[in-house]
Structures are given as C-alpha cells and as structure tokens.
Amino acid sequence: LMERKTDFDATTVKEVFQGSKETQMTLLALFDRHIEEIKARVGIDVSHRTPPTYIYTRRRLGEFISDKFKISDLAFCQLNEQFIREFQEFIVIEKGLGVQTVRHYLAILKKICRMAFKEGHSDKFYFEHYPLPKQKETPPKALSKEDFEKIRDIDLQGCRPVHSIVRDMFLFACYTGTSYVDVVAITPDNLSRDDYGALWLKYRRKKNELRASVKLLPEAIALINKYHSEDRETLFPLLRWSNLRRHMKALAALSGIKDDLCYHQARHSFASLITLEAGVPIETISRMLGHSDISTTQVYARVSPKKLFEDMDKFIKATEDFKLTL
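In this text, all values refer to a predicted model and were calculated from it rather than measured experimentally.

**Q** It is not clear to me how helix H6 (residues 145-153) should be interpreted in this structure. Could you clarify?
**A** In an α-helix, one turn spans 3.6 residues, which is why side chains three or four residues apart end up on the same side. The complete set of buried residues in H6 reads Asp147, Phe148 and Ile151. Along the axis of H6, the buried positions cluster into a sector of 100 degrees, meaning they face one direction only. Facing away from the buried side of H6 by more than 90 degrees, the exposed set consists of Lys145, Glu146 and Asp153. Buried positions along H6 lie against helix H7 (161-176), helix H10 (241-255) and helix H11 (265-275).

Below you can see the structure in the form of structure tokens.
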C-alpha cells in the first residue's frame, strides 16, 4: 500500500490482506468495465474506432485464459511475468497475428494491469518492465507519377460501371487526401467557399476527430459535380470496404500496374506526389491531412527523392555566389 503512494487506513490493510467484495476485481472484469467506460466516451474524447481494439484484445485474452488455465477469469494475484510472455506466444503462434497487432494487444493489457495497480486491485504492476515488440516502421507507399497517370487516363469504356466509380473515388482521394471512412461520409455540408470564391473541403476525420481542410483542385471539383445527386446525402456513392478492395485489384490490372493497389495509397500520393513535390510546406500538408502531430506528416518527406533533388538545386543556385574564405 505504501508503494502506491496513496492514503490508507487499518480497514484498507484488512481488506487487502483478507479480501473483500470491493477488492476482488478480476482481470477480465476490469477489462469489461474499462471497455464500457470507453464506449461512453465515444464522440467526446474517444474515436469510434477505439472500442473494437479493446474488445478484440479482451476476446483473445479470454481465449488464452480458458485454453491455458481452464477457467473463465483470473485474479490479479495469479499474474506474473510468465503470463504475459505466454499470452504473447499464444497470439503469435496459435492465432498467427502480426507483430503490430501483438504489440497493440500487449500495450492494452499492460494498461489494464497499470490501472489495477493504481486502483488497488493488484499488489504490484507486474508488467511494468516487460518490453513490447519493436514497432515496425513501414514508410507510406505512394504512387509514382507514371502509375498515377495510368489510373487517371485509363479508358474504362466497356468495363463495369463500378470500376469507374472506384477509379474516380480513388482519384478524388489523390486530390484531397481523404481516407476511405471519410470519403464515403462527406456531404455537401462539408463544402464551403472562402472570401475569394475558392471551394474548400472541411471535415473531421473519423480516425481522430481532428479537422482537415483542403482547398479543392479543379479535378476534385469536377468529380464532385460528376457524382452530384439529390437522392443521397453523401458526395459519392457508398461502396462497402470489402467490395472496394476487390475492385481496386481489378483497377490495378486494368491500368497495367504491376504492384498491389490499395485505396489508402491515394492519401499517401496526395501527401507526396500532389503536394510535397509541388512545393507545399510540410506544415500545410499536415493541416490538410488532419494529422495530430507533424512528425506523422514528415514521414512522407522520405519517399520523395524528386523534392530532395529540387531543393538541393535551389540551394546550389542560392549559394553559387558564395565564396569560401580560409
């Protein structure tokens, strides 16, 4: 109790030593309570995408406890360093999950254990020094200018109408940086004009509720006008994610692109090919993409060698009159 650095009295000592209804909180019970608390905060300070990650972690943890201990739940006093190590092996070997997912699950489990310690349900924070798997950094994969032009200029006459819709939605994302969950949700209410008459797209991202603001290019405006309809609220037709992924593969084949093509590449292409290589400052790109931290946007600078060469040429030109004095 002294290690927790919180006030306590003789009754607290007795309850911790002998147990009581208030102190008999189990691992999955605390997990369930925290999930309900997160659900209640959705739309306030929690994204709607957050609860599912906790639910999936709780589900895997319940499967592990049932498989390993043949019981439905565990008291915190039954935990040790070996427990989290075996849980990691379970989700890697038995469930075949990737390193990123495993790291996310373990981080959430450690958060619950930290919470249990602070609230007095656990004698110590068992996994305080347990190292999480290293996060694998994968640079964003943007389209090359050649592949972008192949998709933009492809002749889809004679193909299924859905292929044209997928292509146009992908191009719109290339011109605006919108992700799938945002492009299928934006409405005319997200459009506004500035004092100079320019049309802007302003919306809150589904991922983090941060505002993204993009001045629309003529190409993006043409796509909005092409799919304008009074029969629906959204700017574009609704395509389910599973169907969109399937048609993206068909679009890659029709365009003659050898590499895999996914919808999120359009957002990466906007950040690097459309804006960064055109000389737009990284701070402005961050605002347009709705990033919470500019370091997230700076990743795109690594995938734009063209911008690097152009900036070096500008540097050389600006310093060509300098003389070195020794």
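So, next bit.
**Q** Help me understand helix H3 (residues 50-69), please; the structure alone is not making it clear to me.
**A** A rise of 1.5 Å per residue sets the reference length of H3, with its 20 residues, at 28 Å; its end C-alpha atoms lie 29 Å apart and thus fit the reference within 8%. Residues of H3 that are buried sit in contact with helix H2 (27-40), helix H4 (81-94) and helix H5 (99-119). A positive backbone phi angle near 60 degrees is found at Lys70, which sits one or two residues after H3.

**Q** Help me understand the sheet that holds strand S2 (residues 199-204), please; the structure alone is not making it clear to me.
**A** Hydrogen bonding along the main chain pairs the strands of a sheet, whether they run parallel or antiparallel. Read across the sheet, three strands follow the order S1-S2-S3 without closing on themselves; strand pairing throughout is antiparallel. The two strands at the open ends of the sheet, each matched to only one other strand, are strand S1 (191-193) and strand S3 (211-215). Recorded for the sheet is a direction-independent mean angle of 30 degrees between the axes of neighbouring strands. Judged from the three bridges that link them, S1 and S2 form a sheet pairing that is antiparallel.

**Q** Explain a nonpolar patch on the surface here, please?
**A** A surface patch of nonpolar side chains, about 320 Å² in accessible area, is lined by Met2, Phe8 and Val13. Along the chain, Met2 turns up in the segment before helix H1 (10-18).

**Q** I would appreciate a short explanation of the nonpolar core in the present structure.
**A** Burial of nonpolar side chains together is a common tendency in soluble globular proteins. In terms of nonpolar packing, the biggest core is built from 48 residues, with Phe170, Phe172, Phe236 and Tyr263 touching the most fellow members. Per element, the largest residue contribution to this core is ten residues, and it comes from H7. Leaving out residues up to four positions away in the same chain, Tyr263 has contacts with Met169, Phe170, Ala173, Thr178, Ser179, Tyr180, Val183, Trp241, Leu244 and Met248. Ile65, Leu74, Leu79 and Ile108 belong to the second-largest nonpolar core, a separate cluster that totals 33 residues.

**Q** What is the right way to read the packing of aromatic side chains from this model?
**A** The description of an aromatic ring pair uses the distance of the two centres, along with the angle that the planes make with each other. If you walk through the whole model with that rule in mind, you get twelve aromatic pairs. Centroid distance Phe64 to Phe69: 6.2 Å. Interplanar angle 85 degrees. Geometry classified as edge-to-face. With a relative accessible area of 3%, Phe64 lands in the buried category. Ring centres 5.5 Å apart and planes at 50 degrees place the aromatic pair Phe64 and Phe90 in the tilted group. Of this pair, Phe64 sits in helix H3 while Phe90 sits in helix H4; the two residues are 26 residues apart in sequence, bridging distant segments of the chain. Phe90 sits in the buried class, given a relative accessible area of 8%.

**Q** Help me out: how do you make sense of the packing of H4 against H5 in this one?
**A** Packed helix pairs are specified by the crossing angle of their axes together with the interaxial distance, meaning the distance between the axes. Contact pair H4 / H5: the axes reach a minimum separation of 10 Å and the direction vectors enclose 150 degrees. It follows that H4 is roughly antiparallel to H5 by the angle criterion. You can see that H4 and H5 cross each other, and the crossing is right-handed. Contacts between H4 and H5 involve Phe83, Ile84, Phe87, Gln88, Ile91 and Val92 from the former and Val102, Tyr105, Leu106, Leu109 and Lys110 from the latter. A per-class count over the contact of H4 with H5 returns nine nonpolar, one polar and one charged.

**Q** Quick question: what am I supposed to make of the side chain of Thr57 here?
**A** On the secondary structure map, Thr57 appears in helix H3. Take Thr57: its relative accessible area is 1%, and that puts it in the buried class. Among the polar contacts made by the side chain of Thr57, one reaches the main-chain carbonyl oxygen of Thr53 at a distance of 2.8 Å. Non-local contacts of Thr57, meaning those with residues more than four positions away in its chain, are made with Phe31, Tyr105 and Ile108.

What counts as what
Residues numbered from 1 in each chain as written. Predicted model: local features only at pLDDT ≥ 70, side-chain atom pairs only at ≥ 80, totals over all residues. Heavy atoms only, no water. Buried < 20%, exposed > 50% of the residue type's maximum accessible area, 1.4 Å probe, protein only. Helix = DSSP H or I, 4+ residues; strand = E, 2+ residues; numbered from the N terminus. Arc of directions from axis to C-beta. Contact = heavy atoms within 4.5 Å. Expected span 1.5 Å × (residues − 1). Pairing = 2+ DSSP bridges. Axes fitted to C-alpha atoms, helices over the stretch in contact; angles between N-to-C directions. Patch = residues over 30% accessible without salt bridge, like charges linked within 9 Å, V, L, I, M, F, W, Y side chains within 5 Å. Areas by Shrake-Rupley, 256 points an atom, 1.4 Å probe, with all protein chains shown as cover. Salt bridge = Lys/Arg side-chain N within 4 Å of Asp/Glu carboxyl O. Core = buried A, V, L, I, M, F, W, Y, C linked by side-chain atoms within 4.5 Å. Phe/Tyr/Trp six-rings, centres within 6.5 Å; stacked < 30°, edge-to-face > 60°. Parallel < 35°, antiparallel > 145°, perpendicular 65-115°, else oblique. Left-handed = near helix turned anticlockwise from the far one by under 90°. Nonpolar A, V, L, I, M, F, W, Y, C, P; charged D, E, K, R; others polar. Polar contact = N/O pair within 3.5 Å; in protein donor to acceptor, adjacent residues only side chain to side chain.

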